[in-house]
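Letter by letter, the chains look like this.
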Protein chains: 2
Amino acid sequence: MVNYFSSEFKLGILGGGQLGKMMLYETRKLDIQTYVMDPNPQAPGRLACDHFTDGDLMDFDTVYSFGKKVDVLTFEIESVNVDALELLEKEGTKVYPEAATLRKIQNKGRQKQLYADRGIPTADFAVFATKVELVASIEQQDTKLPFVWKSTQGGYDGKGVAIIKSEKELAKLPDTECIAEALVPFKNELAVIVARNVSGEIKTYPVVEMEFHPEANQVEYVLCPARISDAIAKKAIDIATRVSQAFDHVGILAVELFLTQDDEILVNEVAPRPHNSGHYSIEASFTNQFEQHIRCILDLPLGATESKLAGIMVNLTGAEGFSGPVTYENIKEVMTLPGVTPHIYGKKETRPFRKMGHVTIVNKDINTARQIAEKVKDMLRVISK
Amino acid sequence: MVNYFSSEFKLGILGGGQLGKMMLYETRKLDIQTYVMDPNPQAPGRLACDHFTDGDLMDFDTVYSFGKKVDVLTFEIESVNVDALELLEKEGTKVYPEAATLRKIQNKGRQKQLYADRGIPTADFAVFATKVELVASIEQQDTKLPFVWKSTQGGYDGKGVAIIKSEKELAKLPDTECIAEALVPFKNELAVIVARNVSGEIKTYPVVEMEFHPEANQVEYVLCPARISDAIAKKAIDIATRVSQAFDHVGILAVELFLTQDDEILVNEVAPRPHNSGHYSIEASFTNQFEQHIRCILDLPLGATESKLAGIMVNLTGAEGFSGPVTYENIKEVMTLPGVTPHIYGKKETRPFRKMGHVTIVNKDINTARQIAEKVKDMLRVISK
């Protein structure tokens with residue numbers, strides 16, 4: 001086995017945002033040497049790595065030369081230059097998840113097509129190369145209103161996604177390759193974190209349940225375990241496992257799911273990296289998703305995915321009406337609540353709905369945790385003074 | 001309240017060993033700006049802080065000028081220049097634990113005298129300014145063999161401590177101020193971690209039980225909770241709380257205790273900082289000792305000290321017969337065991353008995369955890385190839 005610990009081995013991480021930052025807690029814990037690159041010289045991941053470079057993650061040469069410095073390369077964001085990853089792989093650098101996996105996931109049209117090809121349940125959809133084609137399809141009544149519009153590339157945190165209810169709303173859409181997806185009336189949004197290592201060992205985390213902020217289209221609470229029946233949980237986990245295998249995914253894969261009114265499970269989309277829906281695992285799980293990702297990509301045995309306690313994650317997003325140097329109002333009061341851990345990502349400026357941090361609440365009882373979570377949400381405001 | 005998070009506030013930490021390193025996980029989590037100083041430019045705490053300086057922690061000017069850069073100063077090691085801390089305090093820098101507290105603890109003679117003065121139970125002792133005085137006391141039979149010899153200053157990890165059974169063993173003792181302490185026949189070594197913030201809020205962690213390596217005089221296992229009766233646990237916690245108050249201690253205080261054959265609790269010694277006996281808390285407690293220390297010294301509310309699960313910590317020390325670049329033999333096999341988290345401190349070279357890391361085992365059942373801990377201990381070897 002390669003000696004990863006306190007050795008000359010080098011792990012590269014593309015992206016040094018909050019996910020990269022939290023991954024570095026684990027590389028420090030195991031004393032694995034790290035190289036991090038992010039376009040922002042003030043990125044949270046600039047600290048705690050061994051070497052930080054600022055550089056454009058979409059630029060071929062920049063990604064390629066960064067990758068040449070390391071033994072294993074991973075990423076905390078999907079928007080990276082995949083051509084560079086492919087060449088690096090050809091030349092012997094290990095890239096996990098693999099370039100081919102990322103290529104399939106990066107394009108939402110291709111991602112959906114794979115579900116269709118493999119018989120993995122997902123909402124009906126059609127792919128359009130341009131906006132003109134989409135509009136034509138609507139005029140011909142092949143695509144029916146309302147529908148969910150998604151840009152095939154670059155969507156993130158509610159960007160690149162829109163619910164289109166009337167033809168006049170089409171005006172605001174950019175002219176890009178896109179998919180039109182049937183609007184599924186769902187009871188619940190669920191997610192399953194799947195971990196798969198290089199050797200193919202797979203473990204899944206318990207199903208989590210997400211509650212969204214009605215305006216910002218951002219997750220407000222993530223609850224683990226989801227308050228669903230064992231039968232539905234089993235179905236969700238089986239589908240998520242098939243998704244991981246379909247992509248030959250190595251690392252943490254977050255599989256977002258819809259639970260329909262008829263108790264059907266549909267795959268919404270995936271993220272091939274540690275994910276917001278798995279942040280609860282830092283405090284609640286035997287092995288948190290960041291350590292698990294490291295275990296996966298270094299082909300170490302996977303850690304236990306069970307929970308120590310029920311966990312709820314509250315996203316800390318910038319309050320509306322505030323932009324500027326950040327203050328966390330009432331954080332002291334929130335820290336008096338039992339089992340509450342704030343995570344501050346380290347962005348100096350707040351903006352409305354910007355992800356600034358999260359808070360985890362753990363408790364033996366999920367309902368108690370949910371009550372505390374609501375207090376946290378009501379008290380703690382991300383503002384500027 | 002001071003805005004500590006993602007702000008210009010500066011926390012200084014004297015010492016960047018493994019304790020400083022683990023403290024930095026928490027300052028990163030809360031995005032608190034940190035300055036770290038350690039004599040070793042390769043110290044584990046050189047990463048994850050905002051600013052690292054190498055410098056002598058015992059040198060007045062070095063500590064003073066470092067302290068002038070920060071708003072609050074703390075330490076992860078007792079061997080720091082206390083005169084500099086005193087001057088910094090006079091000039092307005094907040095130092096926690098306070099210089100006066102550290103001065104009382106740094107000298108084991110003064111520490112023991114405080115217990116005597118406050119009626120806190122501790123083994124009988126006498127202080128000697130020189131070795132000549134000690135020898136004279138033995139000759140006059142005021143001090144009786146066997147006894148425990150301790151240097152009043154600078155003892156650490158079994159250094160500066162010796163059990164003296166015969167007069168010929170006196171030859172190996174250095175000529176320093178020392179104490180001779182009655183050899184207590186004890187059933188068990190226990191410890192209580194006490195947290196106290198600037199406002200005086202106090203919380204205690206559950207009593208832990210320590211098992212020592214018979215030769216190296218280093219802790220081999222720490223078990224939480226200790227397998228003792230509630231009555232004894234209550235007594236231990238009461239005494240530890242009194243010790244924290246006696247020292248006006250702010251921060252984490254580890255109180256090491258003996259449980260005698262007669263179920264008496266005696267205070268052995270204290271460490272005014274996060275401590276080996278509290279490492280289990282990273283995985284097992286609602287609030288780990290490093291986050292708690294930060295909460296204490298910034299006068300934030302204390303977090304819950306209860307455990308999520310039973311926890312056992314195994315120290316990873318260098319195997320006998322190996323010196324050189326470190327390898328962690330069988331670490332992959334150890335990582336297959338459930339609820340096992342290795343912590344690798346990041347020292348590149350191993351030496352016999354050198355503290356290289358620790359492993360935490362969490363489980364619902366302490367006896368199962370203890371069995372897994374023994375497997376970890378038997379399998380994982382810190383060697384050099």
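Along each chain, residue indices are assigned from 1 in the same order as the chain's sequence is written. Whichever chain is written first is A, and whichever ligand is written first is 1; the rest continue in order. Restriction of local features to residues with pLDDT of at least 70 applies here, the model being predicted, together with a cutoff of 80 or more for giving and counting side-chain atom pairs; totals for whole chains, interfaces and linings are based on all residues. No hydrogens and no water enter the side-chain calculation; it runs on all heavy atoms of the structure.

- Chain A has the name N5-carboxyaminoimidazole ribonucleotide synthase in an unreviewed UniProt entry, where Aquimarina intermedia is given as its organism.
- Quoted verbatim from the Subunit (unreviewed entry) field of the UniProt record, the comment on chain A reads "Homodimer." UniProt positions are given in the numbering used here, feature names are shortened, and annotations may be inferred rather than shown by experiment.

Topic: the overall build of chain A
Piece 1. Here a strand is any run of E in DSSP of at least two residues, a helix any run of H or I of at least four, and the numbering for each starts at the N terminus. Counting secondary structure elements, chain A contains eleven helices and 21 strands.
Piece 2. Note on method: radius of gyration uses C-alpha positions; expected globular size equals 2.2 Å times residues raised to 0.38. Relative to its length of 385 residues, chain A is compact, with a C-alpha radius of gyration of 21 Å against a globular reference of 21 Å.
Piece 3. With 385 residues in all, chain A has 61% of them scored as buried.
Piece 4. Should any heavy atoms of two residues lie within 4.5 Å, those residues are considered in contact. Excluding contacts between residues fewer than 6 apart, the proportion of contacts in chain A whose partners are at least 24 apart in sequence is 63%.
Piece 5. Summing over all exposed atoms, chain A offers an accessible surface of approximately 14,300 Å²; the carbon and sulfur share of this is 49%.
Piece 6. Of note, chain A has its 44 positive side-chain charges centred 3 Å away from the centre of its 53 negative side-chain charges. To sort residues, take the accessible area from a 1.4 Å probe on protein chains only and compare it with the maximum for the residue type: under 20% means buried, over 50% means exposed, and anything in between is partly exposed. Per-residue and other accessible areas were derived by the Shrake-Rupley procedure at a 1.4 Å probe size, with only the shown protein chains allowed to occlude residues. Charge counting treats Lys and Arg as positive and Asp and Glu as negative, with His and both chain ends excluded. By convention, the point assigned to a charge is CZ for Arg, NZ for Lys, CD for Glu and CG for Asp.

Concerning the sheet that holds strand β3 (residues 51-54) of chain A
Residues and elements named next belong to chain A.
Piece 1. A pair of strands counts as paired when DSSP detects no fewer than two bridges linking them. The strand order across the open sheet formed by five strands is β3-β2-β1-β4-β5, and the pairing between neighbours is parallel. In this open sheet, the two edge strands, each paired with only one partner strand, are β3 and β5 (94-95).
Piece 2. Pairing of strand β1 (residues 10-14) with strand β2 (residues 33-38), which is carried by five bridges, proceeds in the parallel orientation. When the bridges of β2 are listed, Leu 11 appears paired with Thr 34.
Piece 3. Running at roughly 175° to β2, helix α2 (residues 60-68) makes contact with β1, β2, β3 and β4 (72-75) of the sheet. A fitted line through C-alpha atoms serves as each axis, taken over the contacting stretch for helices, and the angle formed by two N-to-C directions is quoted from 0 to 180°.

What to know about the relation of the copies chain A and chain B
Piece 1. Our superposition of the copies is a least-squares fit, built on the C-alpha atoms of residues whose pLDDT is at least 70 in both. For the pair chain A and chain B, the superposition axis carries a translation of 0.0 Å, the fit reaches an RMSD of 0.0 Å, and the rotation angle comes to 180°. With respect to symmetry, the two chain copies, as superposed, fit the operation of a two-fold axis. Using C-alpha coordinates, one finds that chain A approaches the rotation axis most closely at Ala 48 of chain A, a distance of 1.8 Å.
Piece 2. With an isologous cut-off of 70% or more, the 100% of interface residues of chain A that recur at the interface of chain B puts this contact in the isologous class.

A few points about the environment of Tyr 64 of chain A
Residue and element names in this part refer to chain A.
Piece 1. Counting through the fold element by element, Tyr 64 comes out in helix α2.
Piece 2. Between the alpha carbons of Tyr 64 and Asn 81 there is a distance of 8.7 Å; along the sequence they are 17 residues apart.
Piece 3. Discounting residues that sit within four places of it in the chain, Tyr 64 has contacts with Ala 84, Leu 87, Leu 88 and Glu 91.

Notes on the interface of chain A and chain B
Piece 1. The interface is formed by 45 residues belonging to chain A together with 45 residues belonging to chain B.
Piece 2. Just to be clear on terms, a salt bridge is a Lys or Arg side-chain nitrogen sitting within 4 Å of an Asp or Glu carboxyl oxygen. Summed over the shared surface of chain A and chain B, the result is two salt bridges.
Piece 3. One salt bridge connects Asp 50 of chain B with Arg 46 of chain A, and the closest N-O pair in it is separated by 3.9 Å.
Piece 4. Within 3.5 Å is the distance limit for a polar contact, defined as a pair of N or O atoms, with the added protein rule that one can donate a hydrogen and the other accept it, and that residues adjacent in sequence qualify only through two side-chain atoms. Run the count over chain A and chain B and you get 16 residue pairs in polar contact (both at pLDDT 80 or more).
Piece 5. Taken together, the elements giving at least two residues each to the side of chain A that touches chain B come down to α1 (18-29), α9 (289-297), β17 (324-329), α10 (331-334) and β18 (340-344) of chain A.

Comments concerning the sheet that holds strand β19 (residues 349-350) of chain A
Residues and elements named next belong to chain A.
Piece 1. Read across the sheet, three strands follow the order β19-β17-β21 without closing on themselves; strand pairing throughout is antiparallel. Since the sheet does not close on itself, it has two edges, and those belong to β19 and β21 (381-384), each with one partner.
Piece 2. In this structure, β17 lies alongside β21, joined through four bridges in antiparallel fashion. Of the residues in β21, the one forming a bridge with Val 326 is Ser 384.

With respect to the pairing of strand β14 (residues 251-260) of chain A
On a regular strand, one side chain projects to one face of the sheet and the next to the other, so that they alternate.
Residue and element names in this part refer to chain A.
Piece 1. The element β14 is largely enclosed, with a buried count of ten among its ten residues.
Piece 2. Note that strand β10 (residues 186-196) and β14 share ten bridges and pair antiparallel. For Ala 195, the partnering residue across the bridge sits in β14 and is Ile 252.
Piece 3. Summarising the sheet, β14 and strand β15 (residues 265-271) pair through six bridges and their orientation is antiparallel. In the sheet register, Val 255 faces β15, and the bridge partner there is Val 270.
Piece 4. Two successive antiparallel strands, β14 and β15, enclose a turn made up of four residues, where Asp 263 displays a positive phi of approximately 60°.

Some thoughts on the side chain of Thr 260 of chain A
Residue and element names in this part refer to chain A.
Piece 1. Take Thr 260: it is sitting in strand β14.
Piece 2. On the basis of relative accessibility, which here comes to 7%, the residue Thr 260 falls in the buried class.
Piece 3. Ignoring any residue separated from it by four or fewer positions in sequence, one finds Thr 260 in contact with Val 184, Pro 185, Phe 186, Lys 187 and Leu 266.

Some points on the environment of Thr 305 of chain A
Residues and elements named next belong to chain A.
Piece 1. Considering the arrangement of structural elements, one finds Thr 305 in the loop between α9 and β16 (310-317).
Piece 2. Taking relative accessible area as the criterion, Thr 305 reaches 7% and is therefore assigned buried.
Piece 3. Sequence separation between Thr 305 and Phe 128 is 177 residues, and the spatial gap between their C-alpha atoms is 39 Å.
Piece 4. Leave out the neighbours within four places in its chain, and Thr 305 touches Lys 203, Thr 204, Tyr 205, Pro 206 and Gln 292.
Piece 5. Here the side chain of Thr 305 touches Thr 204 through a polar contact of 2.8 Å, landing on its backbone oxygen.

Points about the packing of helix α4 (residues 99-106) of chain B against helix α5 (residues 108-118) of chain B
All names here are of chain B.
Piece 1. Where α4 meets α5, the closest approach of the two axes is 5 Å, and the angle between their N-to-C directions is 100°. When the axes of α4 and α5 are compared, the pair comes out roughly perpendicular. Counting all contacts with α4, which are made through Arg 103, Lys 104, Ile 105 and Gln 106, the residues of α5 involved are Lys 108, Arg 110, Gln 111 and Leu 114.
Piece 2. Residues were grouped as follows: Ala, Val, Leu, Ile, Met, Phe, Trp, Tyr, Cys and Pro as nonpolar; Asp, Glu, Lys and Arg as charged; and all remaining residues, including Gly, as polar. Among the residues forming the contact of α4 with α5, the class breakdown is two nonpolar, two polar and four charged. With respect to orientation, any angle under 35 degrees is reported as roughly parallel, any angle over 145 as roughly antiparallel, any angle of 65 to 115 as roughly perpendicular, and every other angle as oblique.

What about the side chain of His 293 of chain A?
Residue and element names in this part refer to chain A.
Piece 1. When you line up the elements, His 293 lands in helix α9.
Piece 2. For His 293, a relative accessible area of 0% translates into the label buried.
Piece 3. Contacts of His 293, omitting those with residues within four sequence positions, involve Met 23, Thr 74, Pro 97, Gly 251, Ile 252 and Pro 274.

Considering the packing of aromatic side chains
Think of a pair of aromatic rings as described by two things: how far the centres are apart, and how the planes are tilted against each other in angle.
Residues and elements named next belong to chain A.
Piece 1. Note on aromatic contacts: the rings of Phe and Tyr and the six-membered ring of Trp form a pair at centre separations within 6.5 Å, being stacked when their planes are under 30 degrees apart, edge-to-face when over 60 apart, and tilted otherwise. Applying the stated criterion across every chain, the model contains ten aromatic pairs over all chains.
Piece 2. Here Tyr 4 and Phe 9 contribute two aromatic rings whose centre-to-centre distance is 4.7 Å and whose plane-to-plane angle is 80°, an arrangement assigned as edge-to-face. The exposure classification of Tyr 4 matches that of Phe 9, with both residues buried.
Piece 3. One aromatic cluster is present, built from ring pairs that chain together Tyr 4, Phe 5 and Phe 9.
Piece 4. A ring is scored as having a charge over it whenever the NZ atom of a lysine or the CZ atom of an arginine sits within 6 Å of its centre and within 35 degrees of its normal. Directly above the aromatic system of Tyr 221 lies the positively charged group of Arg 370, at a separation of 4.0 Å from the ring centroid.

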